[in-house]
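Per-entry structural report
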Amino acid sequence: MFPEYDVIVIGAGHAGCEAASAAAKLGSRTLLITMNMNTIAQMSCNPAMGGVAKGQIVREIDALGGLSGIVTDKTMIQFRMLNRSKGAAMWSPRAQSDRMRFAEEWRMQLEAIPNLDFWQEMATGIIVKDGRVCGVRTGMGMEIMGKSVVLTNGTFLNGVIHIGEKQFGGGRAAERASTGITEQLIELGFEAGRMKTGTPPRIDGRSLNYSRMEEQAGDEIPGKFSYSDTTTPLLKQRSCYITYTNQAVHEVLKEGFEKSPMFTGRIQGLGPRYCPSVEDKINRFADKDRHQIFVEPEGWDTVEIYVNGFSTSLPEDIQYKAIRLIPGFENAKMFRPGYAIEYDYFPPTQLKNTLETNLIENLYFAGQINGTTGYEEAGCQGLMAGINAHLKVREENPFILSRSEAYIGVLIDDLITKGTDEPYRMFTSRAEYRILLRQDNADIRLTEKGHQLGLATDTALARTKEKENDTAAIYSQFKQIKFSPEEVNGTLEAMGSAAIKEKATLYNLLKRPQVELDKLLSLKPDFQKAISGYHKEALEQAEIMVRYEDYIVKEQQLAERMMSIDNVNINPTFDYHKITALSKESREKLFKTKPSTLGEASRISGVTPSDISILMVYMSK
């Protein structure tokens, strides 16, 4: 009934969709197995993509040739560039999505890939022979053979849903949990753990009083995620709203603490530190008399509202009573209560930097199975796992991104070297080269790599080269255009910047933090007209290069120094136990993690700089 596939992907969430599409588009015969064809790419939690650091990841996926950016652009209802008041390294795109259209668009994109097949059924195990995966087993007892397997099970592995004192199996509301895979992997020698996440109640937007809330509109001139010309910015947008909890809300929520599965110990897994439940917030931050609530529409044509900031697993009657005390929610009607979900994950120190497991050859993990949280973090792991499964089957060199090349590289390196015992979320602070890894230059950093793989199109590469050339031309002109004191001093003083005493180039004036490019350009109409022929993104890129040039050069130099040890490969069979000069802790962690390079070894928690020096001496012999 089934052919032998090159790549089998289990799970059709964000990781699974990117993994399946990448492998299939690269030429691998690919099968995507999901328990429900109607919930492909379901936005299980908030209907949004991007945000701080996450927006950079979506742009990186797009630059490499993935689909998350395109799908987001085609289905978003609002776009905002966050952190515009801060430096360019902090700018982060975020889109509010139409939940139903997002899933529909993903399915349409996947069904348009000829090399991709689908199968609706629960996968209950993998087939392993001689330490190598060679297929999967399904709930109906079918065996489907494949040269590689990518597990992207999300929150479904032995998932348990908690609402107050009630608990029942499930991977998502109204969907059953997946069983069998965890038990088999543990038998094969894998270490497993439990994590938890949560979601808020969904509310009927017709029952809300928006006049009591603060409106949060999208950007006046909205942007988009994809660098592709196949998507366009929004012409109209839907607003979100902001309101706040209060002491009355907190007192009601406290009434349910004795029935809270989180406080009574029924939930063993750790939840996300940076997206806690509302009961966790009022317990941990007892000194705060209110917490922000984001009121987010679920789409263009639905009245359903996502109450961001009110994730909870308290009893449903407590949820209902408390939410009606929030300003604007006095007459709120609930579609369904919030809940917590507990699920299995596998500490990612058991993976190589390709996301292939150390124990079983050709078996890859991506997404929440690795302990991450977030659609964006899952999507980029799926993309990398799909690419590397395809390359491994063809006996080609793996595709790996370093920490200085992409947030994707930071995420994977963090996971495999440091591991995580709580849901991992990406932040700009995790990247030591964040000035290099901006959202505006993801195409310049990664499109050529995606094109070499065969994912990014010729058109995408040509567009990126054009942007690079335009940026270089504008940058050069910045150094040539000069202003006299008489010409510019009035404008400088109006911007709060010191006057000049002799001619100065536009390049030098842009180094001043108070100076606005648009106001200087208005003083040179001929130049302003000349650069109007260049793309807006190239002008922005050139301005950023000038303003942050010194910092960019320093980070590039630091990255080059670090590459000297990142390029020193370590044989996966290297016996660390022979090196008695290493501490016992270091030997155990190095043996368990099996770093592929000296750079990876240096970032393992517990491995000291002196340990790395000892390794370098030993390896040089």
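It should be noted that the structure appears before, not after, this text.
Residues numbered from 1 in each chain as written. Predicted model: local features only at pLDDT ≥ 70, side-chain atom pairs only at ≥ 80, totals over all residues. Heavy atoms only, no water.

**Notes on the packing of helix H3 (residues 68–75) against helix H4 (residues 99–111)**
- At their nearest, the axes of H3 and H4 sit 9 Å apart, and the two run at 135 degrees to each other. It follows from the interaxial angle that H3 and H4 lie oblique. Crossing handedness for the pair H3 and H4: right-handed. On H4, the residues that touch Ser68, Ile70, Val71, Thr72, Lys74 and Thr75 of H3 are Arg101, Phe102, Glu105, Trp106 and Gln109.
- Classifying every residue of the contact of H3 with H4 gives four nonpolar, four polar and three charged. (Axes fitted to C-alpha atoms, helices over the stretch in contact; angles between N-to-C directions. Helix = DSSP H or I, 4+ residues; strand = E, 2+ residues; numbered from the N terminus. Parallel < 35°, antiparallel > 145°, perpendicular 65-115°, else oblique. Left-handed = near helix turned anticlockwise from the far one by under 90°. Contact = heavy atoms within 4.5 Å. Nonpolar A, V, L, I, M, F, W, Y, C, P; charged D, E, K, R; others polar.)

**Structural notes on the pattern of salt bridges**
- Tallied over the full model, the rule gives 44 salt bridges.
- Note that Asp6 is salt-bridged to Arg394, the shortest N-O span being 3.8 Å. Here Asp6 is found in the segment before strand S1 (7–10), whereas its partner Arg394 is found in the loop between helix H9 (375–393) and helix H10 (407–418), with 388 residues between them in sequence.
- Residue Lys254 pairs with Glu251 through a salt bridge whose shortest N-O separation is 3.6 Å. With Lys254 and Glu251 both in helix H6 (residues 247–255), this residue pair falls three residues apart, about one helical turn.
- For Glu251, a relative accessible area of 42% translates into the label partly exposed.
- Linked by salt bridges that have partners in common, Arg403, Asp413, Asp414, Lys418, Glu432, Asp566 and Arg603 make up one network. (Salt bridge = Lys/Arg side-chain N within 4 Å of Asp/Glu carboxyl O. Buried < 20%, exposed > 50% of the residue type's maximum accessible area, 1.4 Å probe, protein only.)

**A closer look at the packing of H6 against helix H8 (residues 316–323)**
- Relative to each other, H6 and H8 sit at 170 degrees, their axes nearing to 9 Å. Accordingly, the angle class assigned to the pair H6 and H8 is roughly antiparallel. On the side of H6, the interface is formed by Val249, Val252, Leu253 and Glu255, while H8 contributes Ile318, Lys321 and Ala322.
- Of the residues that constitute the contact of H6 with H8, the class distribution is five nonpolar, no polar and two charged.

**Some points on the pairing of strand S2 (residues 30–34)**
- Buried residues dominate S2, accounting for five of its five residues.
- Of the two faces of S2, the one lined by Thr30, Leu32 and Thr34 and the one lined by Leu31 and Ile33 are each fully buried.
- With four bridges connecting them, S1 and S2 associate as parallel partners. Bridged to Val9 within S2 is Leu32.
- With respect to chirality, the unit in which S1 leads through helix H1 (residues 14–25) into the neighbouring parallel S2 is right-handed. (Pairing = 2+ DSSP bridges. Right-handed = clockwise from strand over helix to strand, strands pointing away.)

**Notes on the nonpolar core**
- Judged by nonpolar contacts, the single largest core of 101 residues is most densely connected at Leu151 and Leu363.
- If one sorts the elements of this core by residue count, H9 sits on top with nine residues.
- Formed by 23 residues, the second largest nonpolar core is a distinct cluster that contains Phe478, Ala504, Val515 and Leu520. (Core = buried A, V, L, I, M, F, W, Y, C linked by side-chain atoms within 4.5 Å.)

**Remarks on the pairing of strand S16 (residues 240–244)**
- Of all five residues in S16, five are buried; the element is thus mostly enclosed.
- Burial along S16 is two-sided: the residues Cys240, Ile242 and Tyr244 and Tyr241 and Thr243 are all buried.
- Inspection of the sheet shows strand S15 (residues 214–216) paired to S16 by three bridges, in the antiparallel sense. Looking at S16, one finds that Glu214 is bridged to Ile242.
- Where S16 lies against strand S17 (residues 292–297), four bridges are found, and the strand directions are antiparallel. From the neighbouring strand, Tyr244 faces S17, where its bridge partner is Gln292.

**A short note on the environment of Met562**
- With respect to the secondary-structure elements, Met562 resides in helix H18 (residues 549–566).
- Classification of Met562 as partly exposed rests on a relative accessible area of 28%.
- Taking the C-alpha atoms as reference points, Met562 and Ala322, 240 residues apart in sequence, are found 52 Å from one another.
- Setting aside its immediate chain neighbours within four residues, Met562 contacts Tyr433 and Arg603.

**Remarks on the sheet that holds strand S9 (residues 143–145)**
- Pairing in this open sheet of three strands is antiparallel, and the strands run S7-S8-S9 from one edge to the other. At either margin of the open sheet sits one strand with a lone partner, and together these are strand S7 (123–129) and S9. In this sheet, neighbouring strand axes are inclined to one another by 30 degrees on average, regardless of whether the strands run parallel or antiparallel.
- Judged from the six bridges that link them, S7 and strand S8 (residues 132–138) form a sheet pairing that is antiparallel. Bridge pairing links Ala123 to Thr138 in S8.

**A closer look at the sheet that holds S2**
- The strand order across the open sheet built from five strands is S6-S2-S1-S10-S21, with neighbouring strands paired in parallel fashion. Every interior strand has two partners, whereas the edge strands, strand S6 (116–120) and strand S21 (363–365), have only one. Averaged over all pairs of adjacent strands, the angle between their axes in this sheet comes to 20 degrees, without regard to strand direction.
- Direction of pairing for S1 relative to strand S10 (residues 149–151): parallel, over a ladder of three bridges. When the sheet's bridge partners are listed, Val9 is paired in S10 with Val150.
- Helix-sheet contacts for H1 involve S1, S2, S6 and S10, and the interaxial angle to S2 is about 165 degrees.
- This element, H9, spans S1, S10 and S21 of the sheet and lies at about 170 degrees to S21.

**Topic: the side chain of Asn489**
- Tracing the backbone shows Asn489 in helix H13 (residues 485–494).
- Of the polar contacts made by the side chain of Asn489, one reaches the backbone nitrogen of Ile500; its length is 2.8 Å.
- Not counting residues up to four positions away in its chain, the partners in contact with Asn489 are Ala499 and Ile500. (Polar contact = N/O pair within 3.5 Å; in protein donor to acceptor, adjacent residues only side chain to side chain.)

**Comments concerning the packing of aromatic side chains**
- Under the counting rule described, the total for this entry stands at 10 aromatic pairs.
- Between the aromatic rings of Phe478 and Phe527, the centroid separation amounts to 6.5 Å while the plane-to-plane angle is 65 degrees, which identifies the pairing as edge-to-face. Here Phe527 lies in helix H16 (residues 525–531) and Phe478 lies in helix H12 (residues 458–480), a separation of 49 residues in the sequence.
- Overall, the relative accessible area of 0% leaves Phe478 in the buried class.
- Residue Phe527 is classed as buried on the basis of its relative accessible area of 6%. (Phe/Tyr/Trp six-rings, centres within 6.5 Å; stacked < 30°, edge-to-face > 60°.)

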